[in-house]
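# Descriptive analysis of the structure
Single-letter residue listing:
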Amino acid sequence: MDKIGVLFVQGGGEGAHDADALLAASLERDLGGGYQVRYPRMPDEAAPEAGSWTRRISGEISRLGEEAILVGHSLGGAMLLKYLSRAKAKQRIAGLFLIAAPAWDGKSWDFDLLKLPDGIEDKLASIPRLFLYHSRDDAVVPFEHLALHKANIPKATVRAVNGRGHQFGNDLSVVARDILGRE
């Protein structure tokens, strides 16, 4: 039996790949042997650029097989949305799981990297499982960004948690349970 491919996209900022490695390891451990988690280093993590990240994401998705599960932490989640708003993956996207993803708010988070086109919900319509996660005590990405994403993706399931911070306590068991379909 082939393993189900999972792409975990790191956050942005200096040292983000190393910091998020604990999240990727937690996800892989909690998913078990039927899944293969790919955790590539994204280009220019200290000064991310949408074009180079979405090209890398596209290449990584193409390596996942017929069905792909996409997981993004922080800026990685925003970049997955950016990619999905622009491109159509050749394989089926079985699930999109975004953890502490920043959103464009037009004020303090007014970055072109985060701006999504109108109709993003339509672009994601073929993805059967959409989940948004955010900890109320996130000191990096304000908790209010969860509501901004939910407004753009109303069919998404929201998981607001307490006391996990931006790095979710380096424990993605809640995400693994959702990927596995266990509540």
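For the structure, see preceding data.
## Looking at the layout of surface pockets
When its volume is computed, the largest pocket comes out at roughly 260 Å³. Gly-12, Ser-74, Leu-75, Pro-102 and Trp-109 are, among the 18 residues lining the largest pocket, the residues nearest its centre. Per element, the largest residue contribution to the lining of the largest pocket is three residues, and it comes from helix H1 (residues 16–31). When the residues that make up the lining of the largest pocket are grouped by side-chain class, the tally is 11 nonpolar, six polar and one charged.

## Some words on unusual backbone geometry
Positioned with a positive phi, Ser-74 is a non-glycine residue whose angle comes to about 55°. Inspection of the secondary structure assignment puts Ser-74 in the loop between strand E3 (67–73) and helix H3 (75–86). Although it is not a glycine, Ala-100 sits at a positive phi angle of roughly 50°. Assignment of secondary structure puts Ala-100 in the loop between strand E4 (92–99) and helix H4 (120–123).

## Quick word on the sheet that holds E3
Spatially, E2-E1-E3-E4-E5-E6 is the arrangement adopted by the six strands of the open sheet, whose pairing is parallel. Two strands in the sheet have a free side with no partner beyond their single neighbour: strand E2 (35–38) and strand E6 (157–161). When the angles between neighbouring strand axes are averaged without regard to direction, this sheet yields 20°. Direction of pairing for E4 relative to strand E5 (residues 130–135): parallel, over a ladder of four bridges. Looking at E5, one finds that Leu-96 is bridged to Leu-130. Helix H5 (residues 144–152) contacts E5 and E6 of the sheet and is inclined by roughly 165° relative to E5.

Parameters at a glance
- Residues numbered from 1 in each chain as written.
- Predicted model: local features only at pLDDT ≥ 70, side-chain atom pairs only at ≥ 80, totals over all residues.
- Heavy atoms only, no water.
- 1 Å grid on protein atoms, 1.4 Å probe; cavity = no way out; pocket = protein on both sides within 12 Å on 5 of 7 lines; lining within 4 Å.
- Points joined across faces, edges and corners; volume = space filled by probe spheres on them.
- Helix = DSSP H or I, 4+ residues; strand = E, 2+ residues; numbered from the N terminus.
- Nonpolar A, V, L, I, M, F, W, Y, C, P; charged D, E, K, R; others polar.
- Pairing = 2+ DSSP bridges.
- Axes fitted to C-alpha atoms, helices over the stretch in contact; angles between N-to-C directions.
- Contact = heavy atoms within 4.5 Å.

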